[in-house]
Amino acid sequence: MDFSKLCVFFGLAAMLHAAYSATQHRTYLRLTEQEFTILPIDIIVQCFFGLIFTCYGVVHVAGSFREICASAELESKTWDMLGNRQAFYSFCHRGMAINYRKEEEEEEDS
């Protein structure tokens with residue numbers, strides 16, 4: 001098994017154990033009728049290191065990152081094409097209904 005996958009596994013296991021420990025601590029405080037103020041430092045540290053190990057492992061399991069090369073795609077386009085956003089074109093809008101009503105009123109007046 002790869003080192004990065006082991007980091008993910010142990011990191012997740014550490015976070016699950018920290019969550020279980022936090023639950024047990026809260027239960028202990030309820031049973032002894034003490035007020036909850038803060039989690040013990042060992043649970044916080046375990047959760048933090050589990051998060052760090054998991055993040056490290058996930059980043060390295062994902063593989064090598066590639067650069068985003070948008071310049072090659074943008075070289076063939078003009079400035080007019082860059083400002084033209086076809087996704088925002090809307091042909092079914094309320095202006096059609098207003099125009100349609102005006103045409104009906106003009107036909108009724110005639």
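Just so it is clear, the model here is predicted, and its values are computed rather than measured.

### Considering the overall build of the protein
Now for step 1: Helix and strand counts for the protein come out as five helices and zero strands.
Now for step 2: From first element to last, N terminus to C terminus, the protein shows the α and β order α-α-α-α-α.
Now for step 3: Looking at the protein as a whole, 13% of its 110 residues are labelled buried.
Now for step 4: In the protein, once contacts between residues fewer than 6 apart in sequence are set aside, the share between residues at least 24 apart is 65%.
Now for step 5: Summed over its atoms, the accessible surface of the protein is roughly 10100 Å², and 61% of this surface lies on carbon and sulfur atoms.

### Quick notes on the UniProt feature "transmembrane region" (unreviewed entry) in the protein
Now for step 1: Within this numbering scheme, the UniProt entry marks residues 37-59 as carrying the feature "transmembrane region" (unreviewed entry).
Now for step 2: For residues 37-59, the end-to-end C-alpha separation is 35 Å, with 83% helix and 0% strand making up the annotated structure.

### Section: helix 1 (residues 3-31)
Now for step 1: Helix length check: helix 1, at 29 residues, gives a terminal C-alpha distance of 41 Å against a target of 42 Å (1.5 Å per residue), a fit within 8%.
Now for step 2: Of all the residues in helix 1, the buried ones are Ser 4, Cys 7, Val 8, Gly 11, Ala 14, Ala 18, Ser 21, Ala 22, His 25 and Leu 29.
Now for step 3: Next to the buried residues of helix 1 lie helix 2 (41-61).
Now for step 4: Following helix 1 by one or two positions, Glu 33 adopts a phi angle in the positive range, close to 55 degrees.

Conventions used here
- Residues numbered from 1 in each chain as written.
- Predicted model: local features only at pLDDT ≥ 70, side-chain atom pairs only at ≥ 80, totals over all residues.
- Heavy atoms only, no water.
- Helix = DSSP H or I, 4+ residues; strand = E, 2+ residues; numbered from the N terminus.
- Buried < 20%, exposed > 50% of the residue type's maximum accessible area, 1.4 Å probe, protein only.
- Contact = heavy atoms within 4.5 Å.
- Areas by Shrake-Rupley, 256 points an atom, 1.4 Å probe, with all protein chains shown as cover.
- UniProt positions renumbered as here; feature names shortened; annotations may be inferred.
- Expected span 1.5 Å × (residues − 1).

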